Amino acid sequence: MTAQHPEPSPRPVPSGELRASHDDREAAVEQLRDAAAEGRIDLDELDSRLEQALTSKTYGELAILTADLPKSPSSAAENLPPLVLKGGMYGASRGPGRWEVPGHVIAHAGVGGVSLDFTRVECRVAEVVVEAYGETSGVTIAIPDGWATDTTGMDPGFGGLKDKTTPDRLPGTPLIRLTGSCGMAGVVIRHPNKRERRKLEGNASRD
């Protein structure tokens, strides 16, 4: 009787050969954009590396593109506690202006309403979950051009959801994932209006 030899076990896949996800590619894109903003790489090199990052299939291919750069501080932003805004009687807002965005924002409109303005923020996370509750006076959210939103987790309630954003998402920009309930007054998410655009352009010229 012929002795049976055990079949060889599958070869472990080296970590560099593991398939990269969309989030992995976006994290690399964010790190490259930060490096360009800090003057570590020039714009031509940024364009070249961004193109390679967006078409990379493995961790190893992404690692080559960022091996000579400091690690992105996004992990610190991901560990920030949730930002909680409560409209109460008189309303609450965050922005306009520069503020560091955590991975989770909770907005309770109450009677006074809540306004969230992301147009000049420091956002170092690939995705921001905005848990919005329209309640009596509603929640209004402004995001920059080039950012996109996912509203599939939102309960329209009685007030309904008004999504005035475009689906065109620029590489390296975060996704705003809306959850919660629109309540009686509803939730609005939009890009800047004309007045806000003029103000943004004025601020940019002074920066």
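Refer to the structure above for everything that follows.
Attention in this report is confined to the structure presented alongside it. This is a predicted model, so every value here is computed, not measured.

If you trace the backbone, Glu-131 turns up in strand β5 (residues 127-133). In this structure the side chain of Glu-131 is engaged in a polar contact, spanning 2.4 Å, whose partner is the side chain of Tyr-133.

Here we come to helix α3 (residues 59-66). Because an α-helix completes one turn every 3.6 residues, residues spaced three or four positions apart along the sequence face the same direction. Those residues of α3 lying buried are Leu-62, Leu-65 and Thr-66. Mapping the buried residues of α3 onto a view down its axis gives an arc of 85°, with all of them on the same face.

Let us now look at the sheet that holds strand β10 (residues 187-190). If you walk across this open sheet you meet the five strands as β2-β4-β6-β10-β8, and the pairing is parallel. Where the open sheet ends on each side, the last strands, each with one partner, are β2 (92-94) and β8 (161-163). Strand-to-strand, the axes of this sheet are offset by a mean angle of 5°, without reference to chain direction. One ladder, built from three bridges, connects β2 with strand β4 (residues 114-117); its direction is parallel. When the sheet's bridge partners are listed, Arg-94 is paired in β4 with Leu-116.

Another point: the environment of Arg-190. By the element assignment, Arg-190 lies in strand β10. Each C-alpha atom of the pair Arg-190 and Pro-144 lies 8.5 Å from the other, and the pair is 46 residues apart in sequence. In this structure, Arg-190 is in contact with Thr-140, Ile-141, Ala-142, Ile-143, Lys-164, Thr-165 and Glu-196, ignoring residues within four places of it in sequence.

With that settled, the discussion passes to a positive patch on the surface. Among the surface-exposed residues, Lys-194, Arg-195, Arg-198 and Lys-199 lie close enough to one another that they form a single positively charged patch. Among the secondary structure elements, Arg-198 is positioned in helix α5 (residues 194-206).

The next subject is a negative patch on the surface. Where like charges cluster on the molecular surface, the negative patch consists of Asp-42, Asp-44, Asp-47 and Glu-51. If you trace the backbone, Glu-51 turns up in helix α2 (residues 43-55).

This paragraph deals with α2. Between its first and last C-alpha atoms α2 spans 19 Å; for 13 residues at 1.5 Å apiece the expected length is 18 Å, and the two agree. Turning to α2, its buried residues are Leu-46, Arg-49, Leu-50 and Ala-53. Each buried residue of α2 lies within a common arc of 105° when the element is viewed along its axis, so the set occupies one face. Facing away from the buried side of α2 by more than 90 degrees, the exposed set consists of Asp-44, Glu-51 and Thr-55. A side-chain oxygen of the first residue of α2 lies 3.2 Å from the backbone nitrogen of Asp-44; this N-cap is Asp-42.

Cis geometry is adopted by the peptide bond preceding Pro-96, which originates at Gly-95 and carries an omega value of 0°. Note that Pro-96 resides in the loop between β2 and β3 (104-108). Positive phi, normally seen in glycine, also occurs at Glu-135, with a value near 50°.

All right, on to the sheet that holds β5 then. Reading across from one edge, β1-β3-β5-β9-β7 is the order of the five strands in this open sheet, with parallel pairing throughout. In this open sheet, the two strands that pair with only one neighbour each are β1 (83-86) and β7 (148-155). Neighbour to neighbour, the strand axes of the sheet diverge by 15° on average, direction disregarded. Where β7 and strand β9 (residues 175-181) come together, six bridges link them in parallel fashion. Note on β9: the bridge partner recorded for Asp-150 is Arg-177.

Reading the values: rules and limits
Each residue is numbered by its place in its chain's sequence as written, counting from 1. Under the rules for a predicted model, residues below a pLDDT of 70 receive no local features and side-chain atom pairs below 80 are neither given nor counted, while totals for whole chains, interfaces and linings still include all residues. Calculation of side-chain values draws on the structure's entire complement of heavy atoms; hydrogens and water are dropped beforehand. Working definition: helices are DSSP H or I runs of at least four residues, strands are E runs of at least two. Numbering for both runs from the N terminus. Between N or O atoms, a polar contact is any pair within 3.5 Å; within protein, one atom must be a potential hydrogen donor and the other a potential acceptor, and residues adjacent in sequence are included only when both atoms are from side chains. Throughout this description, buried means an accessible area under 20% of the type-specific maximum (1.4 Å probe, protein chains only), exposed means over 50%, and partly exposed covers the range between. Note: the arc covers the axis-to-C-beta directions of the helix. Strand pairing follows a simple DSSP-based rule, namely that at least 2 bridges must link the two strands. To obtain each axis, a line is fitted to C-alpha atoms, and for helices this fit is confined to the stretch in contact; angles are then taken between N-to-C directions over 0 to 180 degrees. In this description, contact between two residues means that some pair of their heavy atoms is separated by no more than 4.5 Å. For patch detection, residues must exceed 30% relative accessible area and be free of salt bridges, and they are connected within 9 Å for like charges or within 5 Å for nonpolar side chains (Val, Leu, Ile, Met, Phe, Trp, Tyr). The Shrake-Rupley method, run with a 1.4 Å probe, gives the accessible areas here. Residue values count only the displayed protein chains as cover. Salt bridges are counted wherever a side-chain nitrogen of Lys or Arg sits within 4 Å of a carboxyl oxygen of Asp or Glu. Positive residues here are Lys and Arg, negative ones are Asp and Glu, while His and the chain termini are left out of the count. Where a charge lies is defined by one atom per residue type, namely NZ (Lys), CZ (Arg), CG (Asp) and CD (Glu). For a helix, the expected span equals 1.5 Å multiplied by the number of residues minus one.

All we've got here are geometric facts, nothing functional implied.
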